Amino acid sequence: MKEKFFTPEQWGLVGSPPVDTRWTCLVLDLPSILSLYLGRCYSHLKGIKLCSSLLVKNLFTSDLLFHPGVTFSEAREGDLACHGLAPMPREMAFPVPKGQKWHDLYDYIRFPSKGSKLPYDSIQKSCPGGQVLEEPGHQLPQLTKAVRDRLSLVQQITSPKAGLLPDPILKLKMIIGFGGSSTKWALWTADNDTVVYPCHAVIVTLQIQTGKQRFFMGHTEKVSALAFSSSSSLLASAQAGPLSVGRLWDFPTGTCLSVFRTHVCSLLSLSFSYSGSILCGVGKDGHGKTVVVVWNVAQVTRGGEVVVLAKTHTDVDIQALKIAFFDDTRMGSGGRDNVRRWRVRSGALRSCPVPLGHYHCLELTDLAFEEGHTAQREPEDRTLFVCSKSGHILEVDYKRVCVRSVRRLLPSQPQEKAGSSPGPGIAINSISISSTFCATGSEDGYLRLWPLDFSAVVLEAEHQAPVSCVCISPDSHRVLCTTAAGNLGYLDIQAQHYHTLMRSHGDSILAFSLDGLWKQMATLSQDGTIRVWNLVSMQQLYDFRAAEEAPCAVAFHPSQQVLACGFDSGMVRTFSLAASHLLLEHQQHRAPVAGLTFSPDGNFMFSSCLQGTLALYSCKAQESHVLRVLGNVVARDAEGGPDALVVSGDSHLLAFVGPSKYVVTVMEACSLDELLRVDISILELNSMALDSAGRVCFAPVLRGELLVSTSSNRILVLDVKTGRLIREVSPVHKLSCSSLMLSRDGRFLPTAGDKVIKVWDYQMRFPVNFQVYIGHSEPVRQVGFTPDQQQVLSVGDAIFLWDFLALPEEEPTSARPCSSESSLLLGVSDLVSSSVFSTSDQEEEADLAGSRGLVANGDKDASVLVMEPVRNEELVGVRPRGRQESSRSPGGSANEPRKETRSPLSQFSIRPDSYWHFTPRFKASVLPQSFSSPPAGRELLKLKAVIGYNGNGRGNMVWNPDTGFFAYTCGCLIVVVDLHSGSQSHWLGHTEEISTLAVSHDAQILVSASGKRDGESHCQICIWSIQDGVCSANLCHHKTQVQAMAFSRDDRFLATLGDYSDQTIALWSTYTYELLASTCLLWPVHNVAFSPLAHRELACVGKGSVMFWLLEQQGADVNLKVHQVPAPGILGAVEMTSLCYGAEGLLYSGTNSGQICVWDTETNTCFMTWEADEGEIGVLLGGHDRLLSGSNTRRLRLWAVGTMQELRLEGPRASSVLLEDELTLDGTIVSAAFDDSLELGIVGTTAGTLWYINWAESTSIRLISGHKDKVTEVSFSPCESHCATCGEDGSVRVWALGTVELVVQFQVLNQSCQCLAWKPLIPWGAEKQHVVAGYSDGTIRVFSISRTEMELKMQPHALALTAITYSTDGEMILSGGKDGLVAVSSSRTGITLRVLHDHKGSPITVLQCTRKQQQDFGVAGGDLWLACSSDRRVSVWAADWLKDTCELLDWLSFPAPAGPEDLSSLPPSLAAFCPWDPSTLVYVGFGVQKEALFYSLHQKQVVEKISLPFFATSLSLSPAAPFMALGFGAQVEKTSLIMALVGEEFPEEVSVPPRAEEITIPADVTPEKVPTHIVDYSESEQTEVELQEEIAKGCDPEEMVLELEPLGG
C-alpha cells in the first residue's frame, strides 16, 4: 500500500507520485492482536476498514509468514518452509532492479514483531544467503518521515499501558426511565415474564417479578422501533436520526448479530414474520416520502448478512405495518386515509388499497391481525383490525380486500342535546388482539379490554396521560401499556390489578440531590416536576408541581427530611417530606434561582439567581430565616445547575463562579465574607481566547483543593487558601464539562460532558488516567456518588445508576499515633501490650491520671485501648419508681452521679449502612403538661388485649424456654403472654416507642428501653421484676435511643449500647443499678454480647471491626479494656452488624453484605468466612453445633457448624459449613429467641408478625400478627363477636373478639385502606357477613367474610376515600372522599346512583346512617343519615332508598377562630347520632371552645354542652346506655372522662374523688325503657361485701345496673 501526499499546488494534476512516497508491506498477526485486545477467537476475516488515504495493491490472508526479498530458490535452499516461512507470492511481489536490494526500495512493517524484546515498529530485513534477519530498533536511512511518524503513532496506540483499575470501574445496574416521549414501543418475551422497552438509546429488559434489568447498548441515538421474533430469540431495533441504522440482537445472550443500514432517515415501525426470517420496516426518507423496506434475516444467526429483499417508495402515509403471521410475503398497513395490502414477489414489493368508502378520510393509527386458526378457513381468510383517531375500528377482510364492518367507540357520558350528532369518538392510538379479546389504548388515558365483538368494556385502567401502545402477553393473562408521559405498566387480567413498572420524567432531567439519611433522591426536570425516589427500590415516592412556575434547583437537607426547591420566579420553598406539606417560602431573588445547596452540617442554606444575588439562610431552628443577602456577587452569565454553589466538607467555605464568569470566589460560609478570588482567564497563557469557569467542586478538607472546570475543556486544581494553580487536566471532554464530583476519599473523579461519563484517577498516576462510559442519548447534566460511595448516578435523558467497583482504600497497617480519625475511642491512649489485653499497673495509673501520651502499638492489626470509669457532674444512675428527685446521697454513695467525656464527633448522626439501627415512628401526639396517672386501683378502664407486634423495634421480643416467659413490645407497651392460655398482661411504664428488650438468664429481670420524652435529655431504661410485673427502677444515661442490651452470664452486669447518634456504651451493676463505666465511641456500634464462659468478657461489632472488651474491677472502680480487630480484608468495606457466641472459644459475626465470620476469642483472630446470605445479616443465634442467621432478605437459615473447633486448628476447607434448613418469612428478621438446641423458637419480622418456628417439623406458625402500618379505622360486627380493622398497609383484617385471633385478611397492594364499615345484620341474610372498605385510589371493595373473597369493586371517587357506611337495610353504600363528594352506590350492582356535591372542597370525616319513623321530621323515608366534613359543616338527610329520594333535612355550620388554611393540621370535625335519641346528634371539633355539642333536630338548636380538656380526635357513642367515649391527641385521666359523661363537664384534676356517686338514668331515655344505675366501686373506701351487694342488685329483672370492674384486686 502507498500513502498519497499532495501539496496544494499539485491538487488536480495527473502524474506519478512524489519520489518520497514508498510502497510498504504491512504484515499483521491477527490471532495475536485479537487475543491481546478482544479476548475472543475468530475463524474468518470479513473485511478491513482503511481509515486513511491509501493506494492498496492487494490484500490476502495466509497461515504462512511471507518475507520480501527472498526468492523461491533461496527459500528452497534454506528449507524455510519447515519454519513456516515463505517468499512473497507473485501477486504481492515488488519489482527489484538488478543490483539493488528490496529493503532499499520498499518498507516492511510487521506487527506485532517476533519476540518479546522487539519493539512493535521493528523493521525486518532479509539478508543474502537466505537467512532472515531482524533488526529491532534499526531504522534504515531510506525510511520516509511519513512512515516513521506512522510507526510512532502505531506504537503509541497499541502499546499496552497501565491504567485506572479496576477496568471497568463502573457497571450499569439500573436505568430509571422509559422513552415514552420519544418512542411508544414495549414488548413481551415469549415466557410472559420479561418486558423489553427502549429507554432513549438503551434497550432495557425488565424481569417483572424481580425487577432485575438487562441492557442492550450500541445505539447512538434514540431507539425509534422494536420488534421481536415469535420465539423471542431475535430482537430487532432501529434508531432515529439522519444516519438511521438497525441492529439485530441475539436476545438470550444479548449480543449484537448484525448492524445494517435501514435506507431511511427515521424508521417508524418494525415487524417480524412468524418464522423469524423476514423483517419489514417503514419510515421516511430525506425528502419526507414514505419508504417500505423488507429484509431477509434468515442467515444472521449463522453469521450471514442482512439482505434487502425489496424496497419501495410510496406517496401514501403509513403509520403501522405488520407482516401476516400466516405468510411471510404478505403484509398489511394503515395510515392517513388508507389501508393497504402488500406482497413481496420476485424481488418487488407491491400493494393494493382497501376501498374505505365513506371512511376514506379517517386517520388510522394502528392495526392487528386476527389470531387463531380453524381447519374450515383458509390461512389467508383473516380479519385485519384497524383503529383510528376518530374512534372507528375497521374490520378488514384481508382475503377479499374489503371492509367487513365498522364500529365506533364513543365516550360513556350521554350527550346533553337530544338529536345532536354523536360527537367525537375515543381517539385510539394502539390496538392488540388475542384469540379471545381485544385491548385498545386511547388518547383519553384509558386502557380498555373488549370482547372481539366490541359489545362492552370488560376491564379498563385509567392513566394520567394518553396511552401510546398496548401489547397482550403471549398467554393472554397480562396487557402491557405505555403512556406518552413515560410510564410503563401492565394490567393483570386475572387479578384485575394494574402494576406500574416504570415511571419517568417527560423531558430531560436537569439535576438531582441525594439524601443519605433516608436514602432518597430528588430529581428536577424540564417537564416542570420535582420527583422524589427511593434510592434502594428506585420507586417514585413524591411528585411536586408548581402552578405557573418551573423548578430550577433542588437540594436535600443533610439531616432532616426537608427538601428545598428553587423556581424561575425567584422563590425558594422548603418542603417537609415527613409531613408532606410546605414549610416556608423565601422571596429573596427576582430572577430564576440558579444555585441552591445546604452546608454538610445542615446549619445553613445558600441560594443564588441569574441576576447575581446570593442569599444565606440559617437552618438551625425548625424554621429557616435569612441571615444575609448580597447583590452582584454571582456571575450573571454563568450556567445555573447543581454545581453552581458548593460548600466544603467541613461547612466552612463556599465557592461559586462570580462576579464574572472569569472569576471564582471563595467565601466564609457562615458569614459570606470574601476570602479569595481567582481569575481563571489568566491561567491559560497559550490561548488567544479568554477562558471562563464552568463548574466548581471541593476536594476533601485535608487536601485543601478546589477543582474548577473551564470553557477550554480543562480542570484546574487550585489551592483553596492561596489560589495557586497546583495542576491541570486537559482535555477533559470534547465539549465543556457539565458536572464533576470527587469521591469522599479523594481518589476518583467522575466527570460528565456531552453524552459520556469519564472516571479519572485524581492523582493522574497512569499513562491513561480515565475510563469512558456511554449510554446517554442526550447531554449528561449531572454525575455524582451516592452517600455510601458504592454507586454513581448520572442524569440527562434518564436516571442511570452505576455500581462503583473500585475497592475502598485500605488503611495502612503500620503503627501510628492515635488520632481523631483513626482511633476508636476519644481521649484514650494506645497502649503497648504483648498479649491481647493490657494489665500493666503503670498503664492503668497513667490512664486514671488522664495521661494523653502516645505510645506505638505493638500489634499492627489491632489497637488496644483502656476505658476509664466515668466521673462526677452529670446525672446518670438510678431513678426509683415514683420519685422525681435525684438519687444523689449526701455522703457520696455508690449512686453518686457520674459523667462521661463526650466529643463533638460523638454527635455524628448519619445513619450507618445497617437496617439494625432503630428509628422511632413518627409521633403525632404528645403528653399534656398536666398529665398524671390515676392512682393504683382507681382506674375505670381496663386494657383487655393488644393486637399486633411492633415490627419497627429491634430485638424487642424475648422468650425463655425454661420458664416459658414470653414478652414483646407494641408501641410503648410491653405485652406479656401466657403461651398456654393465650391471656395477656400489659406493663405500662414507657411513654415513647420501645426500641429493644433484654431478659436476664434466670428470667427474673426484664429490661426495656425507649426514647426520651419531650423536654427530657435522656432516654428511658426500665427495670422490671418478672414475677410481679412492677418497674423497680428507671435508668437514665443515653441521649437518643438504646440500640442493644445484654446481661452477663452470671447476671451481675448489664451492658447498654446507644444508637448511631448516641454512640456510647454503658455498663451497669444489676445489684444496685449503678452506672459502673461509660465511654463514647468514634463510630456507630451495632450490637453487643457477653461471653457465655466468662462474665468479664464481652464483644461489640461496628464499622468494619470487632471489639473484644475485658472488665477489670478494683474496688468500686471498673475499667473496660478493648481490643479492636478489623474485619478480614477479603470482605472489603463492610459493617459488622450482628454477633453471637458459639461453642467454646468461638464468636460468630455477620455483615451487611451477607458474610459470616468465625473468630477465635483466645487469639482474637478470624479464621473463616463464608457467604451466608445475599443481604444484611441482622440476627445471629448460636448453639453447640448449630448457628441461626436472619437477614433483610426475609430468610431464616439454620447452619451446621459442628466442625468449627477442628477448623480452628486445621484451617477452613470445602464444605466446612452445611445449610441444614431455610425458611422465608414475611419481612426482615428483627428479633429471635430459641432454645439451646435451636430446635424451637420465636422470630419477629418487620411485617409485625411473630412466628413460631419448629425446625424438626419444618413448620412456621403465626403467633402474633397485626397491621404493618397505621390502623385507620375499626368496626364491630352487629353481633359483636368480631371486629374489622383497616390500615395504611392496604389490608382489611377481621378478628375474633373472644380469642383476639385473626380470622381472615384481605390485602390490596400499593394502596392504603382509609375507612371501612360492617354491613348491618339483616334477618333474611344473617348468615352473610360483609365488610365494605374504601381505599386511597378512590375504589370501594366489598368483602364476604364467610366466603373469604371480594364480591364487588367500584370506583365512584377520583380521590381517596375518607368515610364510608351502609344504609340501615344494607342495600346502599354511602362513601365520602377527600374532595368532599358523597356518593350513594348500590351494594348489589356497584352502580353509583347519586353524587352529592354539598360538601365539595372539604374532606368528608364522618358518614353515619340510622333508622327513623316513616314520617318523622315531616319527610318520608326510613333512613336518617349525616355527613360531616373538615370545614366544620354537618348535613343531615332523610332518605327513602326504594323510591330513590334523598332530601336535605338540616345544615349545620359550627363557628371556629381563625386557623391555618391547611385543615388537615386541625382536629377533625366529628358528628354522630345519639343511639338513645336519634333526633339528637353530637358534634365535636375545632371551635371557639373545647366542648361537645348536643344538637336537637326537632328544636333546631344546641341543647347541651360538655366541656372537654382538649379537642377530641375520635368519637363513639354506646348503643346500650348514654355513654360517650372520646379520644384525644393527648392523654387524659380516665376517671375524669367517666365523670364527664354524666356530669356534662370535665372536673378539675384536684377535685376528682376516689369514686363517683351512684347515678340513675331514667327509663324513658334508654333503648330498653328500664332505669339504669351506674355504680362506681373503690377498693380504698369499700369492702368486698359491699361490692357483692351491689352486684346482687344487678340481678333484679326490673332494673339494670352497670358495674365498673375494680382493678388491682
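Computed from a prediction, not measured in an experiment: that's the story for all the values here.

Pulling in residues and values, what's your account of the overall build of the protein?
Counting its secondary structure elements, the protein contains 8 helices and 119 strands. Counting over 1609 residues, the protein shows a buried share of 53%. Sequence-distant contacts in the protein: of pairs separated by 6 or more residues, those separated by 24 or more amount to 46%. If you sum the accessible surface of the protein, you get close to 73,000 Å²; carbon and sulfur atoms cover 52% of it.

Before we move on, could you go through the side chain of His 557 and cite the residues and values that matter?
Among the secondary structure elements, His 557 is positioned in the loop between β42 (551–556) and β43 (562–567). A residue is classified by how much of its surface remains accessible, and His 557, at 3% relative accessible area, is buried. Within the local environment of His 557, its side chain forms a polar contact with the backbone oxygen of Gly 602, the two atoms lying 3.0 Å apart. Non-local contacts of His 557, meaning those with residues more than four positions away in its chain, are made with Asp 515, Val 562, Phe 598, Gly 602 and Cys 619.

Please give an account of the packing of aromatic side chains that cites residues and values.
Here the structure, examined in full by the defined rule, presents 32 aromatic pairs. Summarising the aromatic geometry, the rings of Phe 216 and Phe 251 are spaced 5.6 Å apart at their centres and angled 10 degrees between planes, so their arrangement reads as stacked. Pair noted here: Phe 216 is in strand β13 (residues 213–216) and Phe 251 is in the loop between β16 (245–250) and β17 (255–261), with a separation of 35 residues, a long-range link. Judged by relative accessible area, which is 9%, Phe 251 ranks as buried. Through a chain of ring-to-ring contacts, the aromatic side chains of Phe 216, Phe 228, Trp 249 and Phe 251 assemble into a single cluster. Looking at Arg 573, its charged tip hangs above the ring of Phe 567, at a distance of 4.7 Å from the centre. Directly above the aromatic system of Trp 1083 lies the positively charged group of Lys 1103, at a separation of 5.7 Å from the ring centroid.

Residue-level account of the confidence of the model for the protein, with values.
Averaged over every residue, the pLDDT of the protein is 80; the share at 70 or more is 80%. Across residues 3–17 the pLDDT falls below 50, and counting only partners more than four positions away or on other chains, this stretch makes 12 contacts in the model. Counting contacts from residues 1531–1551, a segment whose pLDDT is below 50, to residues more than four positions away or on other chains yields 47 contacts.

Mind laying out the pairing of strand β99 (residues 1313–1318), listing which residues take part and the relevant values?
Burial analysis of β99 places 5 of its 6 residues in the buried class, the great majority of the element. Where β99 lies against strand β100 (residues 1330–1335), 5 bridges are found, and the strand directions are antiparallel. Residue pairing for β100: Trp 1318 is matched across the bridge by Val 1331.

Please give an account of the sheet that holds strand β101 (residues 1340–1344) that cites residues and values.
Strand pairing within a sheet occurs via backbone hydrogen bonds; the two strands may be parallel or antiparallel. Strand order across the open sheet formed by 4 strands is β99-β100-β101-β102, with antiparallel pairing between neighbours. Looking along the sheet, the strands with just one partner apiece sit at the ends: β99 and β102 (1349–1354). Geometrically, the sheet is characterised by an average inter-axis angle of 20 degrees between neighbouring strands, direction not taken into account.

A description of the environment of Glu 992 should follow, citing residues and the corresponding values.
Among the structural elements, Glu 992 can be located in the loop between β70 (984–988) and β71 (994–999). Sequence separation between Glu 992 and Gly 971 is 21 residues; the distance between their C-alpha atoms is 7.4 Å.

An account of a nonpolar patch on the surface is needed here, citing residue identities and associated values.
A surface patch of nonpolar side chains, about 660 Å² in accessible area, is lined by Leu 26, Leu 28, Leu 30, Leu 45, Ile 48, Leu 50, Val 56 and Leu 59. Take Val 56: it is sitting in the loop between β3 (54–55) and β4 (65–67).

I'd like a description of the sheet that holds strand β89 (residues 1195–1200), backed by residues and values.
An order of β87-β88-β89-β90 is seen for the 4 strands of this open sheet, with the pairing classed as antiparallel. In this open sheet, the two strands that pair with only one neighbour each are β87 (1177–1182) and β90 (1218–1224). Geometrically, the sheet is characterised by an average inter-axis angle of 20 degrees between neighbouring strands, direction not taken into account. Bridging between β87 and strand β88 (residues 1186–1191) involves 5 bridges; their strand directions are antiparallel. Of the residues in β88, the one forming a bridge with Val 1179 is Gly 1190.

Outline unusual backbone geometry, supporting the account with residue identities and numerical values.
Along the chain, Asp 167 connects to Pro 168 via a cis peptide bond; the corresponding omega equals 5 degrees. Relative to the helices and strands, Pro 168 resides in the loop between α4 (145–158) and β9 (170–176). The phi torsion at Val 401 lies on the positive side, around 55 degrees, for a residue other than glycine. Mapped onto the fold, Val 401 is located in the loop between β28 (392–397) and β29 (402–408). The phi angle at Asn 713 is positive, at roughly 65 degrees, despite the residue not being glycine. One can find Asn 713 in the loop between β55 (705–710) and β56 (715–719).

Account for the pattern of salt bridges, naming residues and giving values.
Counted under the stated rule, the structure contains 39 salt bridges. As a salt-bridge pair, Lys 289 and Asp 315 come within 3.3 Å of each other at their nearest N and O atoms. Here Lys 289, found in the loop between β19 (278–284) and β20 (290–296), pairs with Asp 315, found in the loop between β21 (307–314) and β22 (320–323); they are 26 residues apart in sequence, far enough to count as distant. Judged by its relative accessible area of 34%, Lys 289 is partly exposed. A salt bridge links Asp 761 to Arg 765; the shortest N-O distance between them is 2.8 Å.

Run through the pairing of strand β63 (residues 791–795), naming residues and quoting values.
The buried fraction of β63 amounts to 5 of the 5 residues, a majority that puts the element mostly inside the structure. The two faces of β63 match: Gln 791, Leu 793 and Val 795 on one face and Val 792 and Ser 794 on the other face are all buried. Where strand β62 (residues 782–785) folds back onto β63 in an antiparallel hairpin, the turn is made up of 5 residues, including Gln 789, whose phi is positive at roughly 60 degrees. Hairpin connection from β63 to strand β64 (residues 799–804): 3 residues lie between these consecutive antiparallel strands.

So what's going on with the environment of Asn 429? Residues and values would help.
Within the secondary structure, Asn 429 sits in strand β30 (residues 428–433). Considered as a pair, Asn 429 and Ser 442 are 13 residues apart in the sequence and their alpha carbons are 5.2 Å apart. Engagement of the side chain of Asn 429 in a polar contact is seen with the side chain of Lys 389, the distance being 3.0 Å.

About the criteria used
Residues numbered from 1 in each chain as written. Predicted model: local features only at pLDDT ≥ 70, side-chain atom pairs only at ≥ 80, totals over all residues. Heavy atoms only, no water. Helix = DSSP H or I, 4+ residues; strand = E, 2+ residues; numbered from the N terminus. Buried < 20%, exposed > 50% of the residue type's maximum accessible area, 1.4 Å probe, protein only. Contact = heavy atoms within 4.5 Å. Areas by Shrake-Rupley, 256 points an atom, 1.4 Å probe, with all protein chains shown as cover. Polar contact = N/O pair within 3.5 Å; in protein donor to acceptor, adjacent residues only side chain to side chain. Phe/Tyr/Trp six-rings, centres within 6.5 Å; stacked < 30°, edge-to-face > 60°. Lys NZ or Arg CZ within 6 Å of the ring centre and 35° of its normal. pLDDT = per-residue confidence, 0-100. Pairing = 2+ DSSP bridges. Axes fitted to C-alpha atoms, helices over the stretch in contact; angles between N-to-C directions. Patch = residues over 30% accessible without salt bridge, like charges linked within 9 Å, V, L, I, M, F, W, Y side chains within 5 Å. Salt bridge = Lys/Arg side-chain N within 4 Å of Asp/Glu carboxyl O.

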